[in-house]
Amino acid sequence: MSQQTPVVVQLREMILAGALAPGERVTEAELATRLGVSRTPVRQALPALAQEGLLVSAGKRGYSVRAFTAQHSIEALRLRAVLEGFAARQVADKRPSPALLSALKACLAEGDALFANRQLRDDDELRYAEMNARFHALILEAAQMPLLESLTERCNLVPFTAPLSIAFSNTNKERMFDFLFYAHRQHHSIVQAIEAGQGDRAEFLFREHAYTQEQSQTLGPDQGLYR
């Protein structure tokens, strides 16, 4: 799991918006100046973004922006949904352990707390992303299928596919709130299905969950959320 910091989020959003163009070489000094921060957080952010697949190595200790299309991300997201849906079905059919249910419900409670005030603060994006990644990982691990986890990780290497990789436009936080709030309500429904042993429903809900993410990716940069 890559490290999540405000600088990681800012750079991710710059790549998404095209402020950092595909193929563009990025340097610590230039980015630090543009963001108004020291070089240290930028130095830490670049390998994290490379781990996500947003940057590629370019020369000694250098990086450039990886070229990709929105369609690549959507295809990977759909494949990830199939894999995670299958994992959720396996977990539900085998009946989840009390420890798993406790961990999943802790994620639900954490997400609920973020939405309690009907608006999100700037650092809530990081908190939601980390909770979301933990939620998805718990279900994959509980399926106890190493090959399934490996295939999902390969999908997550495609930019803006991994559960941790959240980016949105600051110009429409209300739309962003609506998308994330709805996605988290889907988390609740998934846990309910798993707890009830409803494998078919759990799998369907995961695919629907991915469709919500796909919709958010098709918004223009001035409209809201990309995930």
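Residues numbered from 1 in each chain as written. Predicted model: local features only at pLDDT ≥ 70, side-chain atom pairs only at ≥ 80, totals over all residues. Heavy atoms only, no water.

Caption draft 1: Highlighting the environment of Ser97. Position of Ser97 relative to the elements: it lies in the loop between helix 4 (70-94) and helix 5 (98-115). Each C-alpha atom of the pair Ser97 and Glu195 lies 9.1 Å from the other, and the pair is 98 residues apart in sequence. (Helix = DSSP H or I, 4+ residues; strand = E, 2+ residues; numbered from the N terminus.)

Caption draft 2: Representation of helix 1 (residues 6-17) within the structure. Taking 1.5 Å per residue as the helical rise, helix 1 with its twelve residues ought to reach 16 Å, and the 16 Å between its terminal C-alpha atoms agrees with that figure. Within helix 1, burial applies to Val7, Val8, Val9, Leu11, Arg12, Glu13, Met14 and Ile15. (Expected span 1.5 Å × (residues − 1). Buried < 20%, exposed > 50% of the residue type's maximum accessible area, 1.4 Å probe, protein only.)

Caption draft 3: Region of the structure containing the packing of aromatic side chains. Going through the model one piece at a time under the given rule, you end up with four aromatic pairs. Their ring planes at 85° and their centres at 5.6 Å tell us that Phe115 and Phe181 sit as a pair that is edge-to-face. Residue Phe115 is found in helix 5, and its partner Phe181 is found in helix 8 (residues 173-195); the two are separated by 66 residues along the sequence. Given a relative accessible area of 30%, Phe181 falls into the partly exposed group. Aromatic side chains Phe177 and Phe181 sit 5.8 Å apart centroid to centroid with 10° between the ring planes, which places their arrangement in the stacked category. Residue Phe177 and its partner Phe181 are both found in helix 8; the two are separated by four residues, about one turn of the helix. Of the aromatic side chains, those joined through ring pairs into one cluster are Phe115, Tyr128, Phe177 and Phe181. (Phe/Tyr/Trp six-rings, centres within 6.5 Å; stacked < 30°, edge-to-face > 60°.)

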